[in-house]
Amino acid sequence: METEAKKWNLRLYVAGQTPKSVTALANLKRICDEHMNGEYSVEVIDLMENPQLARRDQIVAIPTLVRELPSPLKRIIGDLSNTERVLVGLDVVARG
Amino acid sequence: METVQSSSSFSAPVNGIEKAPTGISGFDEITGGGLPAGRPTLVCGGPGCGKTLFAMQFLVAGATRFGEPGVFMSFEEPSDDLAKNVASLGFDLNDLIARGLISMDTVVIERSEIEESGEYDLEGLFLRLDFAIQSVGAKRVVLDTIESLFSSFSNEAILRAELRRLFRFLKERGVSVVITGERGEGQLTRQGLEEYVSDCVILLDHRVNEQVSTRRLRIVKYRGSSHGTNEYPFIIDRRGLEVLPVTGLDLAHSASTERIPSGIPRLDAMLGGQGFFRGTSILVSGTAGTGKSSIAAHFVDATCRRGERALYFALEESPGQILRNMRSIGLDLNQWVERGLLQFHASRPTLFGLEMHLVSIFRWVQEVAPSVVIVDPLSNLSSIGSYNEVMATLLRLVDFLKARQVTALFTSLTASGDEENETHLGVSSLMDTWLSLRNLESNGERNRGLYVLKSRGMSHSNQIRELLLTDRGVELADVYLGAEGVLTGSARIAQKARERGAAAARQEELAALQRRLDRRKSAVEAQIQALRAEVEAEEEEVGKRVRQALLQEREEQEGRAALATARQADSGTLGEGQTARPE
């Protein structure tokens, strides 16, 4: 997925294809499609493959969604099943 | 010394489970080898109790001394504080990391930037930990302080489940883990971490008593291992943590028969002629100003003169003051300081706790390896602890020094008037030789007396000596026993003078007698001479008379012969006539 020049720059950290990861990814896609008008990019990082990134990016909980842009940095942990909280966390409620 | 045995009985290691040594001096002794290997240990205590340092020391010791690399996962302190902590242990954390001996990971969770939505787990933490363990091949892991997670995540149920999983995970990895925890109300840790860690729990405590701080360590539980249940004092200083076992050693120190002179020849003479035994403890007790330090200084001087090292712990005076004072009695200790044979360590007794003093003595002794240690005065230490504490501390100190064959001389100040019953904190039973100095007051003056109250293993004088501080050092003089008791000072000098006078008079009398005899002898000689002269004169007279008589007779004979010739008498008639003639 692309990471440049979009309004929303998101990263989703998962650890393998666990049910929580799959759910989180599905929820994220839905939320983005519904609330971000295609102005977003999502990068999915599997820490099973790149465990060193967990330390670099200060990941503890899985799944973790990181909003890189717009700043400030925000983190949302969990399988994103609570859409309201995701929108609050990403500051997209006002637009919605 | 019977009391020692009971308290040291548990110090022997029991070989139950495998242990991971912590490198914390004293701790490995009381636990019989360290923390349980391959299992988690909870180290808990209040803020500033030293738990992070404990964990760090465990890790650094593993990496540098026991070939066990480690992972330090911090949940609170930024790493540069940790690096300083490690630097205080004499290690460069960055260097250890660069050499792949330690892996550092600081978990930072900004609560403000986190939103929770739905189910999650802490797999990220597990992955980080696993990655760190694999990257250095860690055998040891520290989690400091994992409880912080409870303030970062709101779902406690998930957290508790994940913690349980974490400890399982760590056990599977076979790493020895130290988890630190903040002390909580009514339980060991705020979040009840002890519920997850069932193998070993250690409690650190930091309390302040009468403005003196002491740190204590207690092993709350240690599954599969015997351990002391006491509270052990420990200290934190420039070399990290150090726990003081009650007595780390049994009573098996060898007893030397080698003698070590006291530096005062008369004192040696009182001690069976050769001084103290090497490796024994000597107590010099006395009231103020009786010369305790001077005796210590002589001992130091004699030690350094033999080229051996001495350590002087001054708890009352500064080294400069001691050097000056000893110069006034003709002892130049400064020369030994300059040659590196004598080291002074001065500290105010109340500057820090008893344990700290003990440890500082331990460390200096280990570093300098002296043959003689002076603690001057010991009694000052008693002001900073209860009787029991001081006794326990002293016991450790005496044991420690004996084990190293260090001869120790302790001075002790006693209150005047209580000289006979001076219990000296009950230390006398720990001491092998006890010299008692006391003031002897009489005739309006005060003089110093010295007794040998006891000296194990040697015959020693039971007499009191007067101790004189001269400009050539301490001298011991015989005291005089007069009608009013012991004579010291000017009374002794007067007595000496009287004796000298009497001796002189006796000398004179003898000389006079001799002279009289001589005179008489020469008179007799003269008499003999006179008599002999008389006899000789008489002899001469008699001889003269005999000669005259013979001469006369011959003349008469010749006269008769001439007459006979004239009468032409024959020879026969002449002969007849000669013999027949009556005369």
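The notes below deal with the structure included here. (Residues numbered from 1 in each chain as written. Chains lettered and ligands numbered in written order. Predicted model: local features only at pLDDT ≥ 70, side-chain atom pairs only at ≥ 80, totals over all residues.)

Here's the deal with the pairing of strand β23 (residues 473-478) of chain B
Residues and elements named next belong to chain B.
- Two elements, strand β22 (residues 465-470) and β23, share 6 bridges in a ladder whose sense is antiparallel. Bridge assignment links Leu469 to a residue of β23, and that residue is Val474.
- Linking β22 back to β23 in an antiparallel pair, the connection comprises 2 residues. (Pairing = 2+ DSSP bridges. Helix = DSSP H or I, 4+ residues; strand = E, 2+ residues; numbered from the N terminus.)

Some thoughts on the sheet that holds strand β20 (residues 433-442) of chain B
Residues and elements named next belong to chain B.
- The 9 strands are arranged β17-β16-β18-β19-β15-β20-β21-β22-β23 in an open sheet whose pairing can be described as mixed. The open sheet has two edge strands with one neighbour each: β17 (342-346) and β23. Each strand of the sheet is rotated relative to its neighbour by a mean of 25 degrees, with strand direction disregarded.
- Taken together, the 5 bridges between strand β16 (residues 310-314) and strand β18 (residues 372-376) define a ladder with parallel strand orientation. Within β18, the position partnered with Ala314 by the bridge is Asp376.
- Running at roughly 160 degrees to β18, helix α10 (residues 292-305) makes contact with β15 (281-286), β16, β17, β18, β19 (407-413), β20, β22 and β23 of the sheet. (Axes fitted to C-alpha atoms, helices over the stretch in contact; angles between N-to-C directions. Contact = placed C-beta atoms within 7 Å.)

With respect to helix α13 (residues 354-368) of chain B
All names here are of chain B.
- With 15 residues, α13 ought to run about 21 Å at 1.5 Å a step, and its terminal C-alpha atoms sit 21 Å apart, in line with that.
- For α13, the full list of buried residues reads Leu354, Glu355, Met356, His357, Leu358, Val359, Ile361 and Phe362.
- Trailing α13 by a residue or two, Ala369 shows a phi angle of about 50 degrees, which is positive. (Expected span 1.5 Å × (residues − 1). Buried ≥ 20, exposed ≤ 12 C-beta atoms within 10 Å, placed from the backbone.)

Concerning the packing of α13 of chain B against helix α14 (residues 387-403) of chain B
Residues and elements named next belong to chain B.
- For the pair α13 and α14, interaxial distance at closest approach is 10 Å and the crossing angle is 5 degrees. With respect to each other, α13 and α14 are oriented roughly parallel. Listed contacts from α14 to Leu354, Leu358, Ile361, Phe362 and Val365 of α13 are Glu389, Val390, Thr393, Arg396, Leu397, Phe400 and Leu401.
- Grouping the constituent residues of the contact of α13 with α14 by class yields 9 nonpolar, 1 polar and 2 charged. (Parallel < 35°, antiparallel > 145°, perpendicular 65-115°, else oblique. Nonpolar A, V, L, I, M, F, W, Y, C, P; charged D, E, K, R; others polar.)

Quick look at the interface of chain B and chain A
- Tallying the contact residues gives 21 residues for chain B and 30 residues for chain A.
- Among the elements of the structure, β6 (114-116) and α6 (123-136) of chain B are those that each provide at least two residues to the side of chain B that touches chain A.
- Bridge count between strand β4 (residues 74-77) of chain A and β6 of chain B: 3 bridges; the pairing is parallel. Paired with Arg75 of chain A across the bridge in β6 of chain B is Ile114 of chain B.

A closer look at the environment of Gly444 of chain B
Residues and elements named next belong to chain B.
- Structurally, Gly444 is set in the loop between β20 and β21 (445-455).
- The exposure class of Gly444 is exposed, given the 7 C-beta atoms found within 10 Å.
- Considered as a pair, Gly444 and Ser490 are 46 residues apart in the sequence and their alpha carbons are 10.0 Å apart.

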